[in-house]
Amino acid sequence: MIKLSLQEYREGGTEMNGRKKIYIISAISVLIIIIGLVIYNKSKVKYEWVLLEDGTYKADTILIDKDVENFKIPGRHLGRKVTQVGTLIQPAVVSEQRLLKCVYIPDSVTYIKKFSMLDNLTTVTGGKNVEYIDKKAFFRLKHLEEMPYFPNLKYIGDQAFERSGIKKVELSDTVEYIGLCAFSEIDLEEISIPSGVKYISGNAFCDTPWIDNQTGFVIEGDNILISYPNEETVVIPVGVKSIGLSRWEHTKVRKIYVPSTVTNYDNCLRLDKRSDELLEIYICPGAESDEEEEPLPNIDEIKDEFLKGEYPNCMYVVEKGSRAEKYFSELGEKCYRVVDKIEYPGE
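Residues numbered from 1 in each chain as written. Predicted model: local features only at pLDDT ≥ 70, side-chain atom pairs only at ≥ 80, totals over all residues. Heavy atoms only, no water.

A. Region of interest: the overall build of the protein. Broken down by element type, the protein carries 6 helices and 22 strands. In the protein, buried positions account for 41% of the 347 residues. Sequence-distant contacts in the protein: of pairs separated by 6 or more residues, those separated by 24 or more amount to 41%. When the accessible surface of the protein is summed, it comes to about 19,000 Å², and 50% of that surface belongs to carbon and sulfur atoms. (Helix = DSSP H or I, 4+ residues; strand = E, 2+ residues; numbered from the N terminus. Buried < 20%, exposed > 50% of the residue type's maximum accessible area, 1.4 Å probe, protein only. Contact = heavy atoms within 4.5 Å. Areas by Shrake-Rupley, 256 points an atom, 1.4 Å probe, with all protein chains shown as cover.)

B. Molecular detail of the sheet that holds strand 22 (residues 336-339). Taken in spatial order, the 5 strands line up as 17-19-20-21-22 in an open sheet, and their pairing is parallel. Looking along the sheet, the strands with just one partner apiece sit at the ends: strand 17 (233-235) and strand 22. Mean inter-strand twist for the sheet, computed between neighbouring axes without regard to direction, equals 20°. Relative to strand 21 (residues 314-319), strand 20 (residues 279-283) runs parallel, the two being bridged by 5 bridges. Bridge pairing in strand 21 places Leu 279 opposite Cys 314. (Pairing = 2+ DSSP bridges. Axes fitted to C-alpha atoms, helices over the stretch in contact; angles between N-to-C directions.)

C. Focus on the packing of aromatic side chains. Taken as a whole and judged by the stated rule, the model has 13 aromatic pairs. With 5.7 Å between their ring centres and 5° between their planes, Phe 183 and Phe 205 make a pair best called stacked. With a gap of 22 residues between them, Phe 183 in the loop between strand 12 (177-178) and strand 13 (190-192) and Phe 205 in the loop between strand 14 (199-200) and helix 2 (209-212) connect regions that are remote in the sequence. Each member of the pair, Phe 183 as well as Phe 205, is classed as buried. Centre to centre, the rings of Tyr 257 and Tyr 282 are 4.7 Å apart; their planes meet at 15°, and the pair counts as stacked. Separated by 25 residues along the polypeptide, Tyr 257 in strand 19 (residues 255-258) and Tyr 282 in strand 20 bring together distant segments of the chain. By way of ring pairs, the aromatic residues Phe 115, Phe 138, Phe 161, Phe 183, Phe 205 and Trp 210 are connected into one cluster. Note that Lys 136 overlies the ring of Phe 139, its terminal NZ or CZ placed 4.8 Å from the centroid. (Phe/Tyr/Trp six-rings, centres within 6.5 Å; stacked < 30°, edge-to-face > 60°. Lys NZ or Arg CZ within 6 Å of the ring centre and 35° of its normal.)

D. Region of the structure containing the environment of Pro 148. Relative to the assigned elements, Pro 148 resides in the loop between strand 9 (132-133) and strand 10 (155-156). Its relative accessible area of 3% is what places Pro 148 among the buried residues. In contact with Pro 148, other than residues within four places in its own chain, are Val 124 and Phe 161.

E. Local environment of the pattern of salt bridges. Per the stated rule, a full pass over the model turns up 5 salt bridges. Between Arg 163 and Glu 162 there is a salt bridge, with its nearest N and O atoms 4.0 Å apart. Put simply, Lys 241 and Asp 222 hold a salt bridge, and the shortest N to O gap is 3.2 Å. Of this pair, Lys 241 sits in the loop between strand 17 and strand 18 (242-243) while Asp 222 is found in the loop between strand 15 (218-220) and strand 16 (224-227), placing the two residues 19 residues apart along the sequence. For Lys 241, a relative accessible area of 39% translates into the label partly exposed. (Salt bridge = Lys/Arg side-chain N within 4 Å of Asp/Glu carboxyl O.)

F. The pairing of strand 6 (residues 102-105), seen in detail. The two faces of strand 6 differ: Val 103 and Ile 105 on one face are buried, but Cys 102 and Tyr 104 on the other face are not. Where strand 6 lies against strand 8 (residues 123-126), 4 bridges are found, and the strand directions are parallel. Directly across from Tyr 104, in strand 8, lies its bridge partner Thr 125.

Here's what the structure looks like:
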């Protein structure tokens, strides 16, 4: 059995206590560094949270420091899901100072409002359950060359991707609505529009290579007319349900025949090429049973445009007693005339 003197025991204990102190000091130092990093990272992002009626949160404003390059939107806040993203901002004096290049959207998010002035953003990933992209959500994001693919997307708002860097668009089969100028003024080369798209607003693809290279009828989605040939008389094919034109340079067109399958007269008014010569648009009547099933579309917005003289050389020709006569009569006698019978040339 080994015996230690009192002095040796004290020296050993002192050495052990010294090591213990070193371990404790080291552990505290590491903890301070970790806490510091957490505080530093939090200072890089500032949130404004809004509690929604369904008990989930909306990140109403997300303010990111200018030197952040990659950012992951949180999927939860205070234990609740984050389902909506408001305005994502990276402020800077000049655009070159905004370094954010990649944003990840968690699967909990269903709504995106706006990614504001993110000049250098190139990639948006995630967003498995995004359904709604609001107006100007990705407006003027020049370095965003490919539209984010959201497999459950339903609604694309007005000007959502206008003037962005997008060249290729892949839409999921769930998309139903494409808003005004949603993809206008971009270098769009390729797009596939699903048959489930029920509404395409005017100018959705205006001033893009894809639409400018079209020469005949372009009918996409649920039988929506996007473009027609530049001919003196245009007979829109039977089966077209609505009109959402994205081309206007039809200098030769003098007459357009709209078949009875088109019931959305609101978009028929957008057929006017606004040239100096008279353009006559013949609205062929549909079956009475069909006319009674659907209410007349709201004409108020278009009526204001006519009253302001935005369609000075456009004349709508309607058949006496037809549903179209009731609709176009609100535009005034200078904009329409009534005939006893309209013969559709395609029949």
